Amino acid sequence: MKRTAIYVASSLALLINGPCWASQQDGTVQFYTLARAGPGAMVVSGARTAVPACATDSAWSVDGSTGNGAQLVAAIMTARATGRSVTVVGTGTCDPASPTREMVNWVQFN
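All values derive from a computational prediction rather than experimental measurement.

(A) Main features of the overall build of the protein. From N to C terminus, the protein includes two helices and six strands. Ordered by position from N to C terminus, the α and β elements of the protein give α-β-β-β-β-α-β-β. The buried share of the protein, reckoned over its 110 residues, is 33%. In the protein, the share of contacts with a sequence separation of at least 24, taken over all contacts with a separation of at least 6, comes to 54%.

Here's what the structure looks like:
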């Protein structure tokens, strides 16, 4: 019985440990800026919910320096070119390289 309570408490701690103020935004990609060094910037139409206090810029920070990030950038540019709608969900934290922009956690292409 005691062991079960520990497992339940541990599981709940993992669920609660996510960002408290991660934004979400639905719309179309208005523009995407590729940076020579550092993260790119993406602006999406539509209202953005639960914006963290550090995100004073309306753009999202997108790190295209990893393999997964490069795929995300290609998909974002394709969505922009075709006018396809997206749902963007943030991490709830701002990018140290772009401290006024929330980092993208994932993008759903609708």
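Picking up where we left off.
(B) Highlighting the nonpolar core. Counting 14 residues, the largest nonpolar core has M42, V62, I76, V86, V88 and V104 as the members making the most contacts within it. Secondary-structure elements contributing two or more residues to this core are strand 1 (24–33), strand 2 (40–44), strand 4 (60–62), helix 2 (67–82), strand 5 (85–95) and strand 6 (98–109). Counting residues per element, this core draws most heavily on helix 2, which supplies four residues. Look past the residues within four positions of V86 in its chain and what remains in contact with it is Q25, D26, G27, V29, V44, A79, V107, Q108, F109 and N110.

(C) Seen up close, the pairing of strand 6. In this structure, strand 5 lies alongside strand 6, joined through seven bridges in antiparallel fashion. Looking at the pairing, T87 lines up with Q108 of strand 6. Hairpin connection between strand 5 and strand 6: a loop of two residues separates the two successive antiparallel strands.

(D) How the structure looks around unusual backbone geometry. Phi is positive for A50, close to 50 degrees, though the residue is something other than glycine. With respect to the element layout, A50 can be found in the loop between strand 3 (48–49) and strand 4. Its relative accessible area of 35% is what places A50 among the partly exposed residues.

(E) Here's a closer look at the environment of N110. Relative to the elements of secondary structure, N110 occurs in the segment after strand 6. By relative accessible area, which is 38% here, N110 ends up partly exposed. Along the chain, N110 and R84 lie 26 residues apart, while their C-alpha atoms are 6.8 Å from each other. Dropping the residues within four chain positions of it, N110 is found in contact with R84, S85, V86 and T87.

(F) Inspection of the confidence of the model for the protein at higher detail. Per-chain confidence: the protein averages 86 in pLDDT, with 81% of residues scoring 70 or above. This model gives residues 5–18 a pLDDT under 50, and the stretch forms zero contacts once residues within four places in sequence are excluded.

(G) Looking closely at the pattern of salt bridges. Taken as a whole and assessed by the stated rule, the structure comprises two salt bridges. R48 is the partner of E102 in a salt bridge, and the nearest nitrogen-oxygen pair spans 3.0 Å. Here E102 is found in strand 6, whereas its partner R48 is found in strand 3, with 54 residues between them in sequence. Between R101 and D57 there is a salt bridge whose closest N-O contact spans 2.8 Å. With R101 in strand 6 and D57 in the loop between strand 3 and strand 4, this pair connects stretches of sequence that are 44 residues apart. The exposure class assigned to D57 is partly exposed, which follows from its relative accessible area of 23%.

What counts, and at which threshold
- Residues numbered from 1 in each chain as written.
- Predicted model: local features only at pLDDT ≥ 70, side-chain atom pairs only at ≥ 80, totals over all residues.
- Heavy atoms only, no water.
- Helix = DSSP H or I, 4+ residues; strand = E, 2+ residues; numbered from the N terminus.
- Buried < 20%, exposed > 50% of the residue type's maximum accessible area, 1.4 Å probe, protein only.
- Contact = heavy atoms within 4.5 Å.
- Core = buried A, V, L, I, M, F, W, Y, C linked by side-chain atoms within 4.5 Å.
- Pairing = 2+ DSSP bridges.
- pLDDT = per-residue confidence, 0-100.
- Salt bridge = Lys/Arg side-chain N within 4 Å of Asp/Glu carboxyl O.

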